[in-house]
Amino acid sequence: VILLCFRRYLLMALTSCLFWNTFDLSAAMDSRPNILLFLADDLGIGDIGCYGNDTIRTPNIDRLAREGVKLTQHIAAAPLCTPSRAAFLTGRYPIRSGMASSNGYRALQWNAASGGLPANETTFARLLQQQGYTTGLIGKWHQGVNCESFNDHCHHPLNHGFDYFYGMPFTLLNNCQENKPPELDVALQAKLWLYSQIILLAVLTLTAGKLTGLISIPGKIIACFTLAGGLFFISWYSSYGFVQYWNCILMRNHDVTEQPVRLERTASLMLKEAVSFIKRNRHGPFLLFFSFLHVHTPLFTTAKFLGKSHHGLYGDNVEEMDWMVGKILDSLDKEGLKNHTFTYFASDHGGHLEARDGSAQLGGWNGIYRGGKGMGGWEGGIRVPGIFRWPGVLPAGTVIDEPTSLMDIYPTVVHLAGGTLPQDRVIDGQNLVPLLQGRAQKSDHEFLFHYCGSYLHAVRWHQKDRGAIWKAHYVTPIFHPPGAGACYGKGICPCFGEGVTHHDPPLLFDLSRDPSEAQPLSADTEPLFETIIGKIGRAIEEHRRTLTPVPEQLSLYNVVWKPWLQPCCGTFPFCWCDKEGDSTHSL
């Protein structure tokens, strides 16, 4: 009798425990979580501890991975900032929104350019805003500002579903820091300086010849030539000569607060804004997209972290970024929001291999993967960290080796917020919740298309029945110097022209056995070679049928500096201010 009663009690206890665990999980899923998205800039997959780096210290990002889910095949939709972030925000390949370039300018070059994320694109922030979320973006935007006037804000974050914006509408550049070599259009600037000097030399020669009587030329011709030369110089120097003032600015919503930005306190300001946003909206639900300025050049790092890593300035900058992640996570804990917040960490693309200062490496490390930033096909340019945490809902310490995309964040967070996806357009991302929870074992992606600008460079086929990941390269960059693994002579690899090689048949790799893309397969070494190439070719044809013509946001006209579009805290061209004052707290 005692044994029977004990068995009955045990059964009731187990049933009760199962019920309440199921109830807790269902309640957590039924309630709408806060959503915190971290996106690093130019961070390599090999730069953080949980992805194999044992010398750069990233304890806070590593903690996210221990307490959540780590993806090992998380893929950016583009290998550069502007198009990759456009895809992240919209869940769509950049070519669908016009954010893919067919020229050499593959990212926005100026705050005062007219290109940017089109107003008819629907970001996940817009959909969450419609679901009652308070939405905020702190940090880098790089999706444009204005279209036709300096205050129309057609591309601004507040026009794309964010209730609050604090940060840089552009991106960090070497030009933002004193005593750093210029980074924007260096080759073009060198040519413009040369042409200006030739014109000046010609004017001086003609003037000297006329004064000495060696040349018989009317003074009016010399004057016209001088005027034309002066106008030519002003036309380009008025933009490139003041990059720090035009591009390196901070904004709060529509107002410019620093012009130029004071980098010594930018990290402190960003952190303060993030903590304040979480505190203001602790009763939720909220979406906070924290878009790091780290770890893009010039790698400005505060004194607290300078010289502390084993990898020079780059390592210092990574460790400062990790510390900021920790502080923001601490603010969640302080407000009691940890278990009710869906947290994500990733990078917009791979590390910048060509970023160097002499022999010092200023760009990231992409681990075992070939290539880096700017390379649309090679894994090093597009395979990035991907970490999720939601305590009690996502299983801790899980590693998933399935193809996923930054575009997947769009349908994932919309699902968590209880929203519905737009039905009037193609959404390329997939909802990751079943995969992250372990309810699905395979990714929903069968094919992923890897663009370099508007040029298709490679395609990935997830052959689920065999567990193989095939990847065909149709175009690859020509490394300089040969065999170097990057385009050190160019600063970044091109997408087209003489700087690339076209492959027919394409280079084929099985990433499940050769993730470093070291041994291309052929019909002699892979019996299914022709079948695989044919399957991928048909997928390309089907994909291209889903594309519709749209205005190119990164056309030459749309990326040039237009003074009438320049955000300015004064009366143009007198654009300088410091509205932040000295009220910030040091790190």
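An unreviewed UniProt entry annotates the protein chain as ARSD Arylsulfatase of Podilymbus podiceps. What UniProt states about the protein chain under its Cofactor (unreviewed entry) heading is, verbatim, "Ca(2+)". Quoted verbatim from the Sequence similarities (unreviewed entry) field of UniProt, the annotation for the protein chain is "Belongs to the sulfatase family."

Participant: Teacher, can you tell me more about the overall build of the protein chain here?
Facilitator: Looking only at helices and strands, the protein chain has 15 helices and 18 strands in total. Computed over C-alpha atoms, the radius of gyration of the protein chain comes to 26 Å, within 12% of the 25 Å expected from 2.2 N^0.38 for 587 residues, which places it in the range of a compact globule. Once the C-alpha set of the protein chain is aligned to its principal axes, its extents read approximately 130 × 65 × 50 Å. Within the protein chain, contacts between residues separated by at least 24 positions form 74% of all contacts whose residues are at least 6 apart in sequence.

Participant: What is the right way to read the sheet that holds strand E16 (residues 468-477) from this model?
Facilitator: Adjacent strands of a sheet form backbone hydrogen bonds with each other and so pair up, either parallel or antiparallel. Strand order in the open sheet made by the four strands is E14-E15-E16-E17, with antiparallel pairing throughout. The open sheet has two free edges, formed respectively by strand E14 (447-452) and strand E17 (500-510), since each of these has just one partner strand. Recorded for the sheet is a direction-independent mean angle of 15 degrees between the axes of neighbouring strands. The pairing of E14 with strand E15 (residues 455-463) spans six bridges and is antiparallel.

Participant: For this particular structure, what's the right way to read the nonpolar core?
Facilitator: Grouped burial of nonpolar side chains is what soluble globular proteins tend to show. Membership of the largest hydrophobic core comes to 67 residues, with the highest contact counts inside it found for Phe38, Leu43, Phe290, Met321 and Phe345. Counting only elements with at least two residues in this core, the list comes to strand E1 (34-40), helix H2 (59-66), strand E4 (164-168), helix H7 (219-240), helix H8 (243-247), helix H9 (263-280), strand E7 (286-291) and helix H10 (312-334). For this core, the element with the highest residue contribution is H10, accounting for nine residues. Setting aside chain neighbours within four positions, we find Phe345 in contact with Phe38, Ala40, Leu43, Ile48, Ile61, Leu64, Phe292, Met321, Val325, Pro385, Gly386 and Ile387. The next biggest cluster of nonpolar side chains, apart from the first, holds 47 residues, and it includes Leu71, Ala125, Val256 and Val384.

Participant: Where do I start with the pattern of salt bridges in this structure?
Facilitator: Any two side chains of opposite charge can pair, so long as their charged atoms come close to each other. The full count for this structure, using the stated rule, is 24 salt bridges. A salt bridge links Arg262 to Asp578; its shortest N-O distance comes to 3.1 Å. Of this pair, Arg262 sits in the loop between strand E6 (255-259) and H9 while Asp578 sits in strand E18 (residues 577-578), placing them 316 residues apart in sequence. Of the residues examined, Asp578 reaches a relative accessible area of 35% and is grouped as partly exposed. Salt bridges sharing partners connect three or more residues here, namely Glu258, Arg262, Glu264, Arg265 and Asp578.

Participant: Please clarify how helix H3 (residues 81-90) should be interpreted in this entry.
Facilitator: It helps to recall that an α-helix has 3.6 residues per turn; residues three or four apart then point in one direction. With 10 of its 10 residues buried, H3 lies for the most part within the structure. Turning to H3, its buried residues number three or more, namely Cys81, Thr82, Pro83, Ser84, Arg85, Ala86, Ala87, Phe88, Leu89 and Thr90. Looking one or two residues past H3, Gly91 carries a phi angle of roughly 70 degrees, positive in sign.

Participant: Honestly, the confidence of the model for the protein chain in this entry has me stumped. Any pointers?
Facilitator: When pLDDT drops low, the exact placement of atoms in the prediction is not to be read closely. Residues at a pLDDT of 70 or more form 94% of the protein chain, whose mean pLDDT is 93. A low-confidence stretch, residues 1-7 stays under pLDDT 50, and its non-local contacts, those more than four residues away or across chains, total zero contacts. Note that pLDDT drops below 50 for residues 9-30; the model gives that stretch nine contacts with residues more than four away or on any other chain.

Participant: Before we go on, may I ask you to explain the domain arrangement of the protein chain in this structure?
Facilitator: How big an interface is tends to be stated in terms of accessible area lost as the parts join. Partitioning the protein chain into domains gives domain 1 (31-172 + 248-445 + 548-578) and domain 2 (186-241). Placing the centre of domain 1 and that of domain 2 at their C-alpha centroids yields a distance of 45 Å.

Participant: Please explain the state of the cysteines as it appears in this structure.
Facilitator: The term disulfide refers to a covalent linkage connecting the sulfur atoms of a pair of cysteines. Under the defined criterion, the tally for this structure stands at six disulfides. Cys568 shares a disulfide with Cys575; S-S distance 2.0 Å. On the S-S bond that ties Cys568 to Cys575, the torsion sits near -110 degrees, and the link is left-handed. Across the pair, Cys575 and Cys568 agree in class, each one buried. Once the bonded cysteines of the protein chain are numbered in order along the sequence, the disulfide links fall as 1-2, 3-4, 5-8, 6-7, 9-11, 10-12. The structure places no disulfide on Cys81, whose sulfur is separated from the nearest cysteine sulfur, that of Cys176, by 13 Å. Taking relative accessible area as the criterion, Cys81 reaches 4% and is therefore assigned buried.

Participant: Please explain the UniProt feature "transmembrane region" (unreviewed entry) in the protein chain as it appears in this structure.
Facilitator: Residues annotated by UniProt as "transmembrane region" (unreviewed entry) correspond here to residues 192-209 and 221-243. Taken end to end, residues 192-209 has its terminal C-alpha atoms 25 Å apart, with 100% of it in helix and 0% in strand. Summarising residues 221-243: 91% helix, 0% strand, and an end-to-end C-alpha distance of 34 Å.

Participant: What am I meant to see in unusual backbone geometry here?
Facilitator: Most peptide bonds take the trans configuration, and most residues that are not glycine carry a negative phi. The residue after His294, namely Val295, is reached through a cis peptide bond having omega 5 degrees. As for its placement among the helices and strands, Val295 is situated in the loop between E7 and H10. Here the residue pair Thr297 and Pro298 is connected by a cis peptide bond, since its omega of 15 degrees sits within 30 degrees of zero. Although it is not a glycine, His153 sits at a positive phi angle of roughly 50 degrees. Relative to the assigned elements, His153 resides in the loop between strand E3 (134-140) and E4. According to the relative accessible area criterion, His153 is buried, its value standing at 12%. Despite not being glycine, Asn179 shows a phi value in the positive range, around 65 degrees.

Participant: What am I meant to see in the environment of His283 here?
Facilitator: The residue His283 is located in the loop between H9 and E7 in this model. Between the C-alpha atoms of His283 and Asp333, which are 50 residues apart in sequence, the distance is 14 Å.

So, how was this worked out
Residues numbered from 1 in each chain as written. Predicted model: local features only at pLDDT ≥ 70, side-chain atom pairs only at ≥ 80, totals over all residues. Heavy atoms only, no water. UniProt positions renumbered as here; feature names shortened; annotations may be inferred. Helix = DSSP H or I, 4+ residues; strand = E, 2+ residues; numbered from the N terminus. Rg over C-alpha atoms; globule rule 2.2 N^0.38 Å. Contact = heavy atoms within 4.5 Å. Pairing = 2+ DSSP bridges. Axes fitted to C-alpha atoms, helices over the stretch in contact; angles between N-to-C directions. Core = buried A, V, L, I, M, F, W, Y, C linked by side-chain atoms within 4.5 Å. Buried < 20%, exposed > 50% of the residue type's maximum accessible area, 1.4 Å probe, protein only. Salt bridge = Lys/Arg side-chain N within 4 Å of Asp/Glu carboxyl O. pLDDT = per-residue confidence, 0-100. Domains from an automatic or database assignment. Disulfide = S-S within 2.5 Å.

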